[in-house]
Amino acid sequence: MSEWSLPQLFASLHRQIDTELNVARDALNHPGTKGDTSEAIWIGLLKTYLPERYCVCSAHIVDSEGVFSDQIDVVVFDRQYSPFVFDFLGAKVVPAESVYAVFEAKQSINAAMIDYAREKVASVRSLHRTSMPIPTANGPTAPVSPKHIIGGLVTLESDWKNPPLGDALQSKLDADPCDLKRLDLGCVAAHGIFGFDVGTGVNGHTTSLCATTTFLLELIARLQTLGTVPMMDVRAYSRWLDS
């Protein structure tokens, strides 16, 4: 009988990320450095454990109309059908068609941070996305409609107490039903996860001793349901070369 334990592996992964986030909060005094380190921890988690079809970084998103999103802390995107990515000394720009999910990474969740994350998510979802027929051995398939972009917020702690994930969080998540600003999935590493159930149309939250692992597996499950992003129209971007 193998001595490996799946519960122990899941718990160990959570402890690793939780410890790193706590060190970033407690040991780093400069707010910018603390924020950059927290982003890097979440990006590192997703880079390591998401399937290889997904790329992860901090970036701005741009569409073929030349409109840019706000800077996004964590972007999960595709490189198979959307190969255009600008990268200069760490400043990255990703085409809107390639985006699967976007997250803001903060130290703590509260009402203001939820509003802030909603605006960041909306700045991405509002961008124009093209779609092209996909060549196959049996001929081109029809262009697919752009998929819903998963949006969320990941933090270490909650500013709400007794409980940290409770009625105050629920009321705030329910306060804005606008799909453009909806937070689909979030993680409070010290306490649990929250998310929107598309089937029921209800926001919910779950406490967990392994919150980061729970969040990771739920994100993978949601990405699986999205399938593949549309193939972008590269020529729609190339027209800007002579502008």
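Note that the structure is predicted; figures quoted are calculated from it, not measured. Numbering of residues starts from 1 in each chain and follows the order in which that chain's sequence is written. Where local features are concerned, this predicted model is filtered to residues with pLDDT of at least 70; where side-chain atom pairs are given and counted, the filter is 80 or more; whole-chain, interface and lining totals use all residues. In computing side-chain properties, one takes all heavy atoms of the structure into account and sets aside hydrogens as well as water.

### Concerning the packing of helix α3 (residues 111–125) against helix α4 (residues 167–174)
Working step 1: Where α3 contacts α4, the two axes come as close as 10 Å, and the packing angle between them is 30 degrees. Between α3 and α4, the interaxial angle falls into the category roughly parallel. Here α3 runs over α4; the crossing is right-handed. Contact residues: α3 offers A111, I114, D115 and R118, while α4 offers L169, K172 and L173. Angles run from 0 to 180 degrees between N-to-C directions of axes, and those axes are lines fitted to C-alpha atoms, restricted for helices to the stretch in contact. Runs of E in the DSSP output that reach at least two residues are strands. Runs of H or I that reach at least four are helices, and both are numbered from the N terminus. Relative orientations are named as follows: roughly parallel for angles under 35 degrees, roughly antiparallel for angles over 145 degrees, roughly perpendicular for angles from 65 to 115 degrees, and oblique for any other angle. Working rule for handedness: look at the near helix, and if it is turned counterclockwise from the far one by less than a right angle, call the crossing left-handed; if clockwise, right-handed. Throughout, a contact is declared for two residues whenever any of their heavy atoms are within 4.5 Å.

### Some details on the packing of aromatic side chains
Working step 1: For this analysis, a ring pair means two rings from Phe, Tyr or Trp (six-membered ring only for Trp) whose centres lie within 6.5 Å, classed as stacked if their planes differ by under 30 degrees, edge-to-face if by over 60, and tilted for the remaining angles. By the definition in use, this model includes 3 aromatic pairs.
Working step 2: When the ring of Y54 is compared with that of Y100, the centres are 5.0 Å apart and the planes differ by 80 degrees; the resulting orientation is edge-to-face. Of this pair, Y54 sits in strand β1 (residues 54–62) while Y100 sits in strand β5 (residues 99–109), placing them 46 residues apart in sequence. Across the pair, exposure class does not vary: Y54 and Y100 are buried alike.
Working step 3: Taken together, W42, F103 and F215 form an aromatic cluster joined through their ring pairs. Exposed residues in this analysis have more than 50% of their type's maximum accessible area, buried residues have under 20%, and partly exposed residues fall in between, with area computed by a 1.4 Å probe over protein chains only.

### Digging into the pattern of salt bridges
Working step 1: By definition, a salt bridge exists where a carboxyl oxygen of Asp or Glu is found within 4 Å of a side-chain nitrogen of Lys or Arg. Summed over the entire model, instances satisfying the criterion amount to 13 salt bridges.
Working step 2: Among the ionic pairs, K161 bridges to E157, the shortest N-O distance being 4.0 Å.
Working step 3: Exposure remark for K161: the relative accessible area of 55% places this residue in the exposed category.
Working step 4: For E218, the salt bridge identified is with R222, shortest N-O distance 2.8 Å.

### Quick notes on a nonpolar patch on the surface
Working step 1: Here, patches come from residues exposed beyond 30% relative accessible area and free of salt bridges, joined within 9 Å for like charges and within 5 Å for nonpolar side chains (Val, Leu, Ile, Met, Phe, Trp, Tyr). For every accessible area listed, the method is Shrake-Rupley and the probe measures 1.4 Å; residues are considered covered only by the protein chains on display. Taken together, the side chains of W4, L6, L9, F10 and L217 define a hydrophobic patch exposed on the protein surface, amounting to about 550 Å² of accessible area.
Working step 2: Looking at which element gives the most residues to the nonpolar patch, the answer is helix α1 (residues 6–27), with 3 residues.
Working step 3: Among the secondary structure elements, L9 is positioned in helix α1.

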